[in-house]
Amino acid sequence: MEETKEAEQPLQPPILDQLKEYIETRFTLSKYKAIEKSTSVAASLVTVVVVTISLLLTFLFATFTLALFLGEVMGAAWKGFGVVALFYLIIALVFIFAKSKIEKPIVNLLISKMFK
């Protein structure tokens, strides 16, 4: 009678087998999470690069248009390009002096993207 009770109960795998399976499952889950995070970061990076290049090209052509227009208004192309160059010099100086105030939000944005 006792033999039939033992035969009816399913055999439990040893604790080491369960532990091994748990570790393998955790490792696989961690691997999948890392793949998901890296592909998300890569997709964001590609999107940001494409948008940035498009905006830079737009900005470049708008700058040439403005410089040529100002040159025509002032009577010489070099004057228009000089005014635009002076404008960019002022922007560069503002960025140089406000570097710490500009860097912190950018760093925070990048960190939040990585841990999203």
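Residues numbered from 1 in each chain as written. Predicted model: local features only at pLDDT ≥ 70, side-chain atom pairs only at ≥ 80, totals over all residues. Heavy atoms only, no water.

A. Quick look at the confidence of the model for the chain. Scored by pLDDT, the chain has a mean of 87; 88% of the residues are at 70 or more. Mean pLDDT values for the elements of the chain range from 54 in helix H1 (residues 2–8) up to 94 in helix H3 (residues 77–97). (pLDDT = per-residue confidence, 0-100. Helix = DSSP H or I, 4+ residues; strand = E, 2+ residues; numbered from the N terminus.)

B. Expanded view of the packing of aromatic side chains. What the rule picks out here adds up to three aromatic pairs. Residues Phe64 and Phe81 carry aromatic rings whose centres are separated by 5.9 Å and whose planes lie at 65° to one another, so their mutual orientation is edge-to-face. Linking Phe64 in helix H2 (residues 15–74) with Phe81 in helix H3, this pair joins segments that are 17 residues apart in sequence. Taking the relative accessible area as the measure of exposure, Phe64 reaches 41% and is therefore partly exposed. Every member of this aromatic cluster is reached through a ring pair, and the members are Phe59, Phe87 and Tyr88. (Phe/Tyr/Trp six-rings, centres within 6.5 Å; stacked < 30°, edge-to-face > 60°. Buried < 20%, exposed > 50% of the residue type's maximum accessible area, 1.4 Å probe, protein only.)

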